[in-house]
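The lines below spell out each chain.
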Amino acid sequence: MALVRDVAELRLQVAAARAAGKRIALVPTMGALHQGHLSLVALARANAGFVVASLFVNPAQFGPNEDFARYPRDEKRDRDLLQQAGCDLLFAPSVATVYPAGFRTQVTVADLSERLEGKARPGHFAGVATVVTKLFGMVQPDVAIFGEKDWQQLAIIRQLTADLNLAVEIRSGPTVREADGLAMSSRNAYLTPTEREVAGALPDALAKAAAAIASGREVSDALAEAERAMRTAGFTAVDYVALVDPETLAPLLVLDRPARLLAAARLGTTRLIDNLEVRPEPDGCHE
Ligand code: PAF
């Protein structure tokens, strides 16, 4: 696996792969890799002859009081994992390469970015949208793969790709979970052993709410019940539990189409997010 830090060298290697008739896949990451990321690399491998992963802890998507400084970083470990997973090239640029002096452009996806996570993390999605647009420009992939765990991020990237006519296909990979259902996340490393025991209550509450809504329970009741269950289990705060349209992220008060159930909750200083698909059951009552 090649390790490349500069854009000119990246372009040369990608152009050589393309000239050899290979389709180019990109898996953008911020490192601290886990099985979730590696499943995206496997999906990339299945979709392309040349797989690029990027590793860049993007300062622009962290708020002033967020965890940019302490975000887990171990490039050597990430490199080894990517190599074993069959990645062809790791692009690991510096901050000055991505945001050189004089950089002035910001990509914002209106409306979608202000909902849910956007309320708790103002500016976060402009940082994500800007860096993802830059990565698409630098790597010029045919296909880019994102995890469904960050559902709102995925919806925003799909929207910006369509809005800006970017010639990249967006694919998603399902959330990979621990044995108790907790969605894999680089931030799980922040949890204390006690918090880690509590954390499984989030996917559990979501799964119960999803099943209840699918079988016809009043949406607002099921959401309130999920929030109560998380608080009772020991979550310090529940930022939201919401049933939304999977593309527009507009709230749904009744399950009148396939929907997405999203939640964010805090355990001490750690904020966890998760989501599940909810489909109306054929015999459920959804008035
Ligand atoms: O999901 C992530 O790890 C990041 O938000 C991404 C897409 C790599 C952009 O920095």
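Residues numbered from 1 in each chain as written. Predicted model: local features only at pLDDT ≥ 70, side-chain atom pairs only at ≥ 80, totals over all residues. Heavy atoms only, no water.

(A) Expanded view of the pairing of strand S9 (residues 270-278). The buried fraction of S9 is high, at seven of nine residues. With nine bridges connecting them, strand S8 (residues 259-267) and S9 associate as antiparallel partners. Residue Ala263 lies in a different strand from S9, and its bridge partner there is Asp274. Counting the residues that bridge the hairpin from S8 to S9 gives two residues, and of these Gly268 lies at a positive phi of roughly 60°. (Buried < 20%, exposed > 50% of the residue type's maximum accessible area, 1.4 Å probe, protein only. Helix = DSSP H or I, 4+ residues; strand = E, 2+ residues; numbered from the N terminus. Pairing = 2+ DSSP bridges.)

(B) Here's a closer look at the site of the ligand. In the vicinity of the ligand, the residues found are Pro28, Thr29, Met30, Gln61, Val131, Phe146 and Gln153. Between the ligand and Gln153 there is a distance of 2.7 Å, counted from an oxygen atom to a side-chain nitrogen or oxygen. Here the ligand loses 88% of its free accessible area of 290 Å² to cover by the protein chains. (Near = heavy atom within 4 Å. Polar contact = N/O pair within 3.5 Å; in protein donor to acceptor, adjacent residues only side chain to side chain. Areas by Shrake-Rupley, 256 points an atom, 1.4 Å probe, with all protein chains shown as cover.)

(C) A look at the sheet that holds strand S4 (residues 89-91). A sheet is described by the order of its strands in space; here six strands give the open sequence S1-S4-S3-S2-S5-S6, paired in parallel fashion. In this open sheet, the two strands that pair with only one neighbour each are strand S1 (2-4) and strand S6 (169-173). Strand-to-strand twist in this sheet, taken as the mean axis angle between neighbours without regard to direction, amounts to 25°. Pairing of strand S5 (residues 143-147) with S6 involves five bridges; the strand directions are parallel. Looking at the pairing, Ile145 lines up with Arg171 of S6. Lying over the sheet, helix H3 (residues 75-85) contacts S1, strand S3 (50-55) and S4, oriented at roughly 165° with respect to S3. On the sheet, helix H6 (residues 124-139) packs against strand S2 (24-29), S3, S4, S5 and S6 and is oriented at approximately 145° with respect to S2. (Axes fitted to C-alpha atoms, helices over the stretch in contact; angles between N-to-C directions. Contact = heavy atoms within 4.5 Å.)

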